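# Chain and residue survey
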Amino acid sequence: MSLLLAFDDERALAERLAQATSLPLVFVARHRFPDGETRLRLPPALPAHTVLLRGLQQPNEKLTELMLAAAGARELGAQRLTLVSPYLAYMRQDMAFTPGEVVSQRHVGRSLAGWFDAVITVDPHLHRVATMDEVVPGRCGIALSAAPLLGAWIAEHAPGALLLGPDEESLQWARAAAAAGGLDHAVCRKLRHADHEVEVELPGLELRGRAVVLLDDVASTGRTLVEAARGALARGAATVDVAVTHALLVGDALEQLRAAGVREVWSTDSVPHPSNVVSIAPMLARALSSSERPSAAR
Ligand code: R5P
C-alpha cells in the first residue's frame, strides 16, 4: 500500500491525483519559524512506497523542504520514494552561458537523485539534455508532456487555430499539440536581452484573419508571449490566445498579456493559477502506475 504526501498549497491537484490513483492522501504539516526556518511533520509511520507531490514553482524554499521531507520520510519507513514534481525548476540553466556560471540543472538534478528513487515531471525544459534519466543520474526519471492535452483543448476552444511557439525551443511542444489537435503549427525566433526584455521574430506565414494560439512550456514574466502576441496582432491575426503547461506568470505578467491584446490564457493545473483549465492528474496517475512496473517503458 502506497501513500500520497502533499502540501496544502497544492491541494486541488493533490486531491485530483489521489482520486486518480486511489492513494490515501496526507498533507505535510509545515511551520515557518520567524527566522525563516521550516519545520515539517509527516505521518509517524510511512509505507514502504511513498509518493510526494511537490511542484517547484518559487523553488528555493521548496528545495530545502524537499531535502527535509525526503530524509524524514526515509527515517519514518519509506524505502522507495517517488517525487511527482509537475513543474521542475532550474531546468533552463543547462549550460554555462558565460564562464563561471553554475549549471543549475545538473546540480539540482543530482540533489534530487540523492533524495528520491524516481522523479516524475511534466514538460521539463530539456534542451541540451535529452532525457530525465540524465537529469537524475542513476534514478528513474520520467518526463511527461501536457502538449497533447493542450492541443486537444485548443482544437475544441479555438478550432482551426494556428499554434505558434514563441521560440525555437518550443517546437517540440507546438508539434505535439498540433498533432493531437489536428492543427497547423510554426515557431518564432527569440532573442532575450534581459529578464523582462525579449525580441521575438515571427515566421513568414500569412497571419491575416487567423486565430493564433501561442503555445509554450512555461510563462514566467510573460514577456516572451507578450512580444509574440504583439507581433501576431500587428500582422493581422484575428485573435491571440495563450496556452502553457506551467503558468508561473509572476508579477504583472497577466496584465501585460492582456495589455498586449491576448484574449484567453489557458494552462494546466501543474502550477495552481486562475488560468488552469486542463488537469494533468490522470496522466500523472498513469505514469505513477507504470513507474512501479519493473521494466516501465518511458
Ligand atoms: C524558455 O525558453 C521558455 O520556454 C519560455 O519561453 C520562457 O521561460 C518564458 O519566460 P518569460 O515568460 O519570462 O518570457
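Our subject is the structure that appears above.
Bringing the packing of helix H5 (residues 147-157) against helix H6 (residues 171-181) into the picture now. Orientation of H5 relative to H6, taken along the N-to-C sense of each, is 50 degrees, at an axis distance of 7 Å. Relative to H6, H5 is oriented oblique. Relative to H6, H5 is oriented so that their crossing is right-handed. On the side of H5, the interface is formed by Ala147, Pro148, Gly151 and Ala155, while H6 contributes Trp173, Ala176, Ala177, Ala180 and Gly181. For the contact of H5 with H6, the residue count by class is 7 nonpolar, 2 polar and no charged.

Attention shifts here to the sheet that holds strand E14 (residues 239-247). The strand order across the open sheet formed by 6 strands is E10-E9-E13-E14-E15-E16, and the pairing between neighbours is parallel. Of all the strands in the sheet, the pair left with one neighbour each is strand E10 (184-187) and strand E16 (276-278). Here the strands of the sheet are splayed against their neighbours by 35 degrees on average, with no regard to which way each runs. The pairing of strand E9 (residues 162-165) with strand E13 (residues 211-219) spans 3 bridges and is parallel. If you follow Leu164 over to E13, its bridge partner there is Leu214. On the sheet, H6 packs against E9, E10 and E13 and is oriented at approximately 175 degrees with respect to E10.

Moving on: the site of the ligand. The ligand sits among 15 residues. The nearest are Arg92, Asp216, Asp217, Thr221 and Thr224. Measuring from an oxygen atom of the ligand, one finds a side-chain N or O atom of Asp217 at 2.6 Å. Within the residue set of the shell around the ligand, elements represented by two or more residues are strand E11 (189-194), E13 and helix H7 (223-234). Among the elements that take part in the shell around the ligand, E13 stands out by supplying 4 residues, more than any other. The residue makeup of the shell around the ligand, split by class, is 2 nonpolar, 5 polar and 8 charged.

Criteria and thresholds
- Residues numbered from 1 in each chain as written.
- Predicted model: local features only at pLDDT ≥ 70, side-chain atom pairs only at ≥ 80, totals over all residues.
- Heavy atoms only, no water.
- Axes fitted to C-alpha atoms, helices over the stretch in contact; angles between N-to-C directions.
- Helix = DSSP H or I, 4+ residues; strand = E, 2+ residues; numbered from the N terminus.
- Parallel < 35°, antiparallel > 145°, perpendicular 65-115°, else oblique.
- Left-handed = near helix turned anticlockwise from the far one by under 90°.
- Contact = heavy atoms within 4.5 Å.
- Nonpolar A, V, L, I, M, F, W, Y, C, P; charged D, E, K, R; others polar.
- Pairing = 2+ DSSP bridges.
- Near = heavy atom within 4 Å.
- Polar contact = N/O pair within 3.5 Å; in protein donor to acceptor, adjacent residues only side chain to side chain.

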